[in-house]
Structures are given as structure tokens and as C-alpha cells.
Amino acid sequence: MARVLLVNPPIYDFAAYDLWAKPLGLLYVAAVLETLGHEARIVDCLDRLHPCYGAGGGKYGHKSRRYGTGSYHWSEVEKPVCYKDIPRVYKRFGLPGEVFQRELAAGEPPDIIGVTSGMTYWYGGVAEAVEAVRRVFPGVPVALGGIYATLSAEHAERVVRPDYLVRGPGEKAMAQIAAEVQGCAAPEVDDFFGSLPFPAYHLLGRVESVSILTGRGCPYHCAYCASGLLSRGIERRRASSVEDEIERYKEEFEVRDVAFFDDALLWDASNHIKPILRDIIRRGLGMRFHTPNGLAARMIDEEIAALMKEAGFVTLRLSLETVSSARQADWDGKVGHADFIAAVGRLRDAGFSSEEMGAYVMTGLPDESVEETTRAIAAAHAAAVAVRLAQYSPIPGTAYFERLAERARAALAEPLLQNNTAAPVGSGPYERYEALKTFAARLNDELAAGRVVFTTEEALGGGEELLHRMGIEI
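This write-up is about the structure you can find in this document. Quantities reported herein were computed from a predicted structural model and do not represent experimental measurements.

With respect to the packing of helix α13 (residues 370-382) against helix α16 (residues 430-448)
Phase 1 of the analysis: Running from amino to carboxyl end, α13 crosses α16 at an angle of 15°, the nearest separation of the two axes being 10 Å. Considered as vectors, α13 and α16 are oriented roughly parallel to each other. Viewed along their axes, α13 and α16 form a crossing whose handedness is right-handed. When α13 is examined against α16, the residues Val 370, Thr 373, Thr 374, Ile 377, Ala 378 and His 381 are found in contact with a partner set consisting of Arg 432, Leu 436, Phe 439, Ala 440, Leu 443, Glu 446 and Leu 447.

In C-alpha cells:
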């Protein structure tokens, strides 16, 4: 059987933070390969708990924060020319280059190397990782998969030049590639998500939190989102499998913090999340649960709110996104302001505090006005919920991207310009985005002090005067 080296590359960006992020794609690929008898090894460049950092904290040490989150190691690097007017430091996040090289060389020479990829505009780290593995293991074929490989396949083929390019879920594809490299017949692999083995967390270093998926895919077709391009419909796991996985992590790694990364965790709740939550409660696992991906507020009924509280959820992120009715209609009408208010009320009745809830509000959208984003930020604040700004990124293949003028699409074909800090599509001048960030931050500070500045009526009927009241000019 084959020896397979799997690599999670560094990130090049203005900002990156570990909110329970784990290389789940690689972990599932590794688990399938091991089930087939192959030997898998993972080098995770984003391991912020790596021994090389020591225990000193600060910029060059690992810095763990609440509930198993923390800052990545970073170093300043030269900005690409297309970012020259952005007044921020450009950084490389991840293991220092020399440590990465040592980690690669520490194991037996592999027969095949798999490299994953995240955001399209992070391809600089992907290219670095592929160059590094080829330097250490010349002649060993490299397979590239993940988000960038799927959404920007032509660019990846041209710039990174992998020997194999994997688009979409990679478990079956990597098993077939491993067999091809070994000159064997392609194995039978059931790659239905609910049939996959548990992720191979044992191949990582120190684990202080875990991320899990109860399913893949999303029933919605939001104009800004690439979920439908990355997965094939809705695939869900059995409730008992999810609960067994969580219990295993508690026993094997002694972790308390588990983050759900589903795109549609609450969809078809009676047949999915409710049974999962009931059994978590029955087992008395004593875990803390987090939902860094936005929850669909419309699906939060009284029972879900009560079950999540009893099960041990402590971080809830709700998708408000916009209060524009026209924009909501463009996003399958998945949530309206009334749905958001009702969900917040049910969560409060169940015992959740403002500190435990947050609302995602999108900014930088095509044709977005300052008033649209300002009202959404203020509306979340009026409900006594902290605001988390989500900057829009123009993603190839999505409806918003395809609606752009041909000239704009051509310019944005360069993945670096898809960066949500740099994207020029709807955000206007960079200073506008900074002003909206400041507005959200000041309202969050007021909320942390126990003060709500705007009423719902003021929020929904306001505009730039809301900014002026907080001392912000655009």
C-alpha cells in the first residue's frame, strides 16, 4: 500500500485567526486512506500549538484564548502589487519555513503527496507548499484539492501545476490516485458523506478543540455563496454517528470544545439536529459547543433553543446578513429581520446571554449602499446582539460573480483580487469598510457595557445619521 503525505499549507493574507479551524478535508481523506490500508501522515502548517513556538505566547508563540481558539504565528511579508494601496500589514501565517521543511523531511519518503487549499486568494501558501514538497521529495507526484483547486481549477493548473487536480470532495479521488501511483486497481470507495469514517485527528499534534460536520451541502442557493459548487446536494450523517464521534474525542483527546461547521446545521431539524441534541443531553458529555458558521434564524424554534442550551452550546452565531427585503429575496428568503428577532427572543428565553450570541452582517456586497449595511449593523445591536462583520468576497461561479460585467469578471479572475479585504465590487473605498468596522466595534463596546444605543425603529429607518451619532464620518 502507499505512503501518503498530506499537507495543510500556510496562509498569506492581511488577517487570519483560528476559530476552531481544522483541516477537516485532509482528516477525512487520511481516514479513508487508512481504512484502505495506506499509511497517511499530515503536516499541518497552521498548527498554532506546534512545539517550535514554545509556551511564551506573543507574536512568535502560541496564544490560546477562550474555548480552544487562538492566534496563528505570523511574519510580515511583502504585499503583492495589487494590494499596494491597502494600508495594512500583509502576513504569512503558519509554521516558519525552516520548521515546515524539517517536518516534511521527518518521515519516510511518500509515494504520493496531497496538498489541500482554502480560500482562492490564499494560493500563495499553496504554491509555497507544493514547491517545498517537491524540493524535499523530487519526483513524487503531487495532488491538489480543496476550495481553491475546485473554484479556480484553471488558475491552479497554470500557477501551481499539480500532477493531479481534485475538484470537490477528495476522499474517493485520493484513494484512486494512490491506487494509480501503486499500479493497483481502483478500490471501491463509498464516498457518501454519512458513510465516511471519523476524521483522523490522531494524525495531528496536540488537540485542544475539534471541529465536526454532521453533513455536507446546503439547501439554499444564495447569490454570494459557493457551497453548492463545493458539494453535491445535501448529505447527512446518522445522529448516533455524530454523538459517537463527539464522545470519542472526549475520551481520546480530553477536549471539551467542539465546533459544528455545517452550512445547514438546523435544516430538517426534527430528523437531524434535534435527535443529535437529545442524545448529547442523554449521554451527559459535559462538552462546550460552538457554531462559528451562521445559523439560519428562521429554523430556531423554542425546542431547538432549549435543547442547545441544555446540551452545552456557548457560542451561537446567527445569520442576519442584511435587512434589505430585496437582498433577502435574492438569497432564497432564508431569513428576514422578523425571523432574526424571533430567534433571539427564543434563545434568550432558553437562557442564552448577549455574550453567547453574535450576528453576522455582510458588507461589501454588489450595489450595496452605506445605509444598507449601517441599518443591518444597528438592527442587530438594537436586538442586544453583538455584530460580526462578514466582508463579501467575489467567488467564481456564484450568481453574484456571474452577474458582473465581463470586464469586471476578467479582472477578478486573479484570485488575489477576490480577497474580501481588497475586493472592489461593492465596498467602495477601503476607508468606507474601515468606518463600518469602527461603527460595529463601537456598538459592540456599548453592548458589552450593558447599553443599547438604538431602538429597532431608529435602526431600520436610519442611514448615515446613525454613523454620525457614533462620531463616525464617511
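So, next bit.
A look at the pattern of salt bridges
Two side chains bearing opposite charge may form a pair once their charged atoms approach each other closely.
Phase 1 of the analysis: Under the defined criterion, the tally for this structure stands at 30 salt bridges.
Phase 2 of the analysis: We note a salt bridge from Arg 216 to Glu 171, for which the minimum N-O separation is 2.5 Å. Remark: Glu 171 occurs in helix α6 (residues 171-182) and Arg 216 occurs in strand β12 (residues 215-216); sequence separation between them is 45 residues.
Phase 3 of the analysis: Between Glu 303 and Lys 274 there is a salt bridge, with its nearest N and O atoms 3.0 Å apart. With Glu 303 in helix α10 (residues 302-311) and Lys 274 in helix α9 (residues 273-283), this residue pair connects regions lying 29 residues apart in the sequence.

Concerning the sheet that holds strand β11 (residues 209-212)
Phase 1 of the analysis: The six strands are arranged β11-β14-β15-β16-β17-β18 in an open sheet whose pairing can be described as parallel. With one partner strand each, in any of the chains shown, β11 and β18 (386-391) form the two edges of the open sheet. For this sheet, the mean angle separating the axes of adjacent strands, direction not counted, is 20°.
Phase 2 of the analysis: Bridge count for β11 against strand β14 (residues 257-260) is four bridges, and the pairing is parallel. Pairing of Ser 211 across the sheet is with Ala 259, part of β14.
Phase 3 of the analysis: Strand contacts of helix α12 (residues 337-350): β16 (313-321) and β17 (357-363), with the helix running at about 170° to β16, the strand carrying the most contacts.
Phase 4 of the analysis: Contacting β16, β17 and β18, α13 runs over the sheet at an angle of about 175° to β17.

So, how was this worked out
Residues numbered from 1 in each chain as written. Predicted model: local features only at pLDDT ≥ 70, side-chain atom pairs only at ≥ 80, totals over all residues. Heavy atoms only, no water. Axes fitted to C-alpha atoms, helices over the stretch in contact; angles between N-to-C directions. Helix = DSSP H or I, 4+ residues; strand = E, 2+ residues; numbered from the N terminus. Parallel < 35°, antiparallel > 145°, perpendicular 65-115°, else oblique. Left-handed = near helix turned anticlockwise from the far one by under 90°. Contact = heavy atoms within 4.5 Å. Salt bridge = Lys/Arg side-chain N within 4 Å of Asp/Glu carboxyl O. Pairing = 2+ DSSP bridges.

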